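As a plain string of letters, each chain reads:
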Amino acid sequence: MAITTPSAVTTSVLKPRNSITVIDNRTGKSIDIQITDNSIPATAFSQLKAPYADGERPENDTPYGLRILDPSFINTAMIQSEITYIDGNKGFLMHRGYPIEQLAEKSSYLETAYLLIYGELPAKSQLDLWSWEIMHHTFVADDLQQMIRQMRYDSHPMSVFVSAFAAMSAFAPEANPALQGSDLYIMNKPLMNKQIVRILGKATTVAAMAYRIRINRPFTPPRSDLSYTENLLYMMDHMSEPNSYRPDPRLAKALDILFILHADHEMNCSTSTMVHVGSSLVDPYSCVAAASAALYGPLHGGANEAVIRMLSKIGSVENVPDFLERVKQKKELLFGFGHRVYRETDPRSKVIREVADMVFEVCGKEPLIEVAIALKDAALKDEYFTSRKLFPNVDYWSGLIYKAMGFPLDFFPVLFVVPRLAGYLAHWKQQLDSGKNKISRPRQVYIGKGRRDYIPVETREERPITGQNGLNAIPHYISKRRLTKI
């Protein structure tokens, strides 16, 4: 198959058109595919079918035409969106047209959340009402609190967070399309807005509960008179002080900026999960639980934790050169550098470096900062890393800030997912409001066995199973269970 532009085929005859011409070299068939917003529809390739006669088609071929294979969605767009734009080559990020640097400097997290979800910055009266609603939807039902209290003290905070949101679906039957009808959020926009407010309001409360379980402390009720991040810090840190206790405003402001920086980042793993699961029209609490579970993975939400472990392993500035040499030899992994999207510096990392100074002024300088600066400087002077576009990203600095503020390492993903809920909900709402929602159903390219007949178990031969464990792993385990009477 050949893919060419019309002008490249006959530049002397055809005028340039906003399309590509695809020629199937198996059959000679040619199709013209329109380019819209710098993209082409993958379904267009289904017109190209293999030239098999009836009965000659291989069993692993498809009668529905050519398919596009793109594992991990390296170059596949699953939606059209108006929310977030990233120019990875220039290191540029904006939400609804506003550069991230301006939002971090001038906005607040709740205002940015409103912008992401509803498309425009709110007027003062709208922002006041929006903030009031969210801060008055922070309480969690007593039954749900009891469920969360049953979690082990050494549970990972993200497992508590995911479980709590999955359970919230049972506490809002009026918000469940499975009970109220599949068009619930298409027909009832006030109900949609109510769930958005509920989810954003309760997220900080659930996060604080996950933390309080770890330190074996009773839950602290939320306070609606505090800001969003102030309330989170208050619920996490309040002990026996009177209600007049308030977290340091500089730390609350620093956390608010970090929340803005993490609010949305286009179609990443967890946001695409939100969209994928939401396409089935399940309730938003279940969607959030699924998306949060995706972020829970160490390749997504655990990156800043990995940075701290890496810097701790390096130990001192003197060890940086040897560490980088071991990275080049593929004996060590370098965390916090590079990004799937950005080919230049992550624009969020520029802002976050200033936030670090604000936090260190309050909490004292994080001992690992010297190692971090030395590692960053050495890597940026080394052609091995710069030629591979390995520049510090947002995770490189955020972990240092969270550690300086006293957050446990395994709580870092919670501080990622709470602000990212704004992005999840923005994409969920956009999908349902578009009127074009279809359930996501990816295709596959089958490479397995052809058709074969069932063989009775008595006549089968033992065959090795591919993989590390082999055929006998399960039988041996079963035998061990029988012997020990487990």
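This text goes with the structure placed above it.
Note that the structure is a prediction, hence the values are computed from the model and not measured.

Asks: Explanation requested: the packing of helix α15 (residues 320-328) against helix α17 (residues 369-380) in the structure shown.
Replies: A pair of packed helices is captured by two measures, namely the crossing angle of their axes and the spacing between those axes. Packing of α15 against α17 leaves a shortest axis separation of 10 Å and a crossing angle of 50 degrees. Taken as axis vectors, α15 and α17 run oblique relative to one another. Here α15 and α17 pass one another in a crossing that is right-handed. Here α15 contributes Val320, Phe323 and Leu324 to the contact with α17, which in turn contributes Val371, Ala374, Leu375, Ala378 and Ala379.

Asks: Could you clarify how one ought to interpret the layout of surface pockets in this entry?
Replies: One way to see where empty space is left: roll a probe the size of a water molecule over the atoms. Considering only enclosed or pocket space, the second largest pocket measures out at about 340 Å³ in volume. Residue lining of the second largest pocket: Lys449, Arg452, Asp453, Tyr454, Ile455, Thr459, Arg460, Glu461 and Arg463, and that is the complete set. Across the lining of the second largest pocket, the residue classes break down as two nonpolar, one polar and six charged.

Asks: Would you explain a nonpolar patch on the surface in this entry?
Replies: Where nonpolar side chains cluster on the molecular surface, the patch consists of Leu69, Val445 and Ile447 and spans about 350 Å² of accessible area. Within the secondary structure, Ile447 is located in the loop between α20 (412-433) and α21 (473-484). Its relative accessible area of 76% is what places Ile447 among the exposed residues.

Asks: I would appreciate a short explanation of the packing of aromatic side chains in the present structure.
Replies: Given two aromatic rings, one states the distance between the centres and the angle between the planes to describe the pair. Counted according to the given criterion, the structure contains 17 aromatic pairs. Ring pairs connect the aromatic residues Tyr211, Tyr402, Phe407, Phe411 and Phe412, which therefore count as one cluster. A cation over a ring is seen here: Arg353 above Trp397, with NZ or CZ 4.9 Å from the ring centre. The ring of Tyr384 is capped by Arg388, whose NZ or CZ atom sits 3.8 Å from the centre of that ring.

Asks: In this structure, what is going on with the packing of helix α3 (residues 109-118) against α20? I would like to understand it.
Replies: At a minimum axis separation of 8 Å, α3 and α20 run at an interaxial angle of 20 degrees. As judged from the angle between their axes, α3 and α20 are roughly parallel. Crossing hand, α3 versus α20: right-handed. Where α3 abuts α20, its residues Tyr109, Ala113, Leu116, Ile117 and Tyr118 lie against Val418, Pro419, Ala422, Gly423, Leu425, Ala426 and Lys429.

Asks: Just checking my understanding: could you explain the side chain of Asn304 for this structure?
Replies: Relative to the assigned elements, Asn304 resides in helix α14 (residues 303-314). Judged by its relative accessible area of 1%, Asn304 is buried. Within polar-contact distance, the side chain of Asn304 engages the side chain of Ser398 at 3.5 Å. Once residues lying within four places of it in the same chain are set aside, the contact partners of Asn304 are Asp395, Ser398, Gly399, Tyr402 and Phe412.

Asks: Looking at this structure, I do not really get the sheet that holds strand β4 (residues 84-87). What am I missing?
Replies: The pairing of strands in a sheet comes from backbone hydrogen bonds and takes either a parallel or an antiparallel form. Here three strands make up an open sheet; going across it, the order is β4-β5-β6 and the pairing antiparallel. Pairing within the sheet leaves two strands with one partner each, and these edge strands are β4 and β6 (98-99). Pairing analysis gives two bridges linking strand β5 (residues 92-95) to β6, with the strands arranged antiparallel. Across the sheet, Met94 pairs through a bridge with Pro99, a residue of β6.

Asks: How should I be thinking about the pattern of salt bridges in this particular structure?
Replies: Any two side chains of opposite charge can pair, so long as their charged atoms come close to each other. Scanning all chains against the criterion turns up 22 salt bridges. Notably, a salt bridge pairs Asp32 with Arg17, separated by 3.5 Å at the nearest N-O pair. Remark: Arg17 occurs in the loop between α1 (6-9) and β2 (19-23) and Asp32 occurs in strand β3 (residues 30-34); sequence separation between them is 15 residues. Looking at Asp32, the relative accessible area reads 42%, which means it is partly exposed. Exposure remark for Arg17: the relative accessible area of 45% places this residue in the partly exposed category. Where Glu361 meets Arg250, a salt bridge forms, and the shortest distance between an N and an O atom there is 3.8 Å. Pair noted here: Glu361 is in helix α16 (residues 347-363) and Arg250 is in helix α11 (residues 249-261), with a separation of 111 residues, a long-range link. Given a relative accessible area of 59%, Glu361 falls into the exposed group.

Asks: What's the story with the pairing of β2 in this structure? I'm lost.
Replies: Looking along a regular strand, one sees side chains alternate from face to face of the sheet. Most of β2 sits inside the fold, with four of its five residues counted as buried. Pairing of β2 with β3 involves five bridges; the strand directions are antiparallel. Of the residues in β3, the one forming a bridge with Ile20 is Ile33. If you look at the hairpin formed by β2 and β3, you'll find six residues sitting between the two strands, and Gly28 has a positive phi there, around 85 degrees.

Asks: Sorry if this is basic, but what is going on with unusual backbone geometry here?
Replies: Most peptide bonds adopt trans geometry, and most residues besides glycine take a negative phi value. Look at Asn216: it is not a glycine, yet its phi comes out positive at around 55 degrees. When you line up the elements, Asn216 lands in the loop between α9 (189-214) and α10 (228-237). At Glu266, a position not held by glycine, the phi torsion is positive, near 65 degrees. Positionally, Glu266 belongs in the loop between α11 and α12 (269-278).

Calculation criteria
Residues numbered from 1 in each chain as written. Predicted model: local features only at pLDDT ≥ 70, side-chain atom pairs only at ≥ 80, totals over all residues. Heavy atoms only, no water. Axes fitted to C-alpha atoms, helices over the stretch in contact; angles between N-to-C directions. Helix = DSSP H or I, 4+ residues; strand = E, 2+ residues; numbered from the N terminus. Parallel < 35°, antiparallel > 145°, perpendicular 65-115°, else oblique. Left-handed = near helix turned anticlockwise from the far one by under 90°. Contact = heavy atoms within 4.5 Å. 1 Å grid on protein atoms, 1.4 Å probe; cavity = no way out; pocket = protein on both sides within 12 Å on 5 of 7 lines; lining within 4 Å. Points joined across faces, edges and corners; volume = space filled by probe spheres on them. Nonpolar A, V, L, I, M, F, W, Y, C, P; charged D, E, K, R; others polar. Patch = residues over 30% accessible without salt bridge, like charges linked within 9 Å, V, L, I, M, F, W, Y side chains within 5 Å. Areas by Shrake-Rupley, 256 points an atom, 1.4 Å probe, with all protein chains shown as cover. Salt bridge = Lys/Arg side-chain N within 4 Å of Asp/Glu carboxyl O. Buried < 20%, exposed > 50% of the residue type's maximum accessible area, 1.4 Å probe, protein only. Phe/Tyr/Trp six-rings, centres within 6.5 Å; stacked < 30°, edge-to-face > 60°. Lys NZ or Arg CZ within 6 Å of the ring centre and 35° of its normal. Polar contact = N/O pair within 3.5 Å; in protein donor to acceptor, adjacent residues only side chain to side chain. Pairing = 2+ DSSP bridges.

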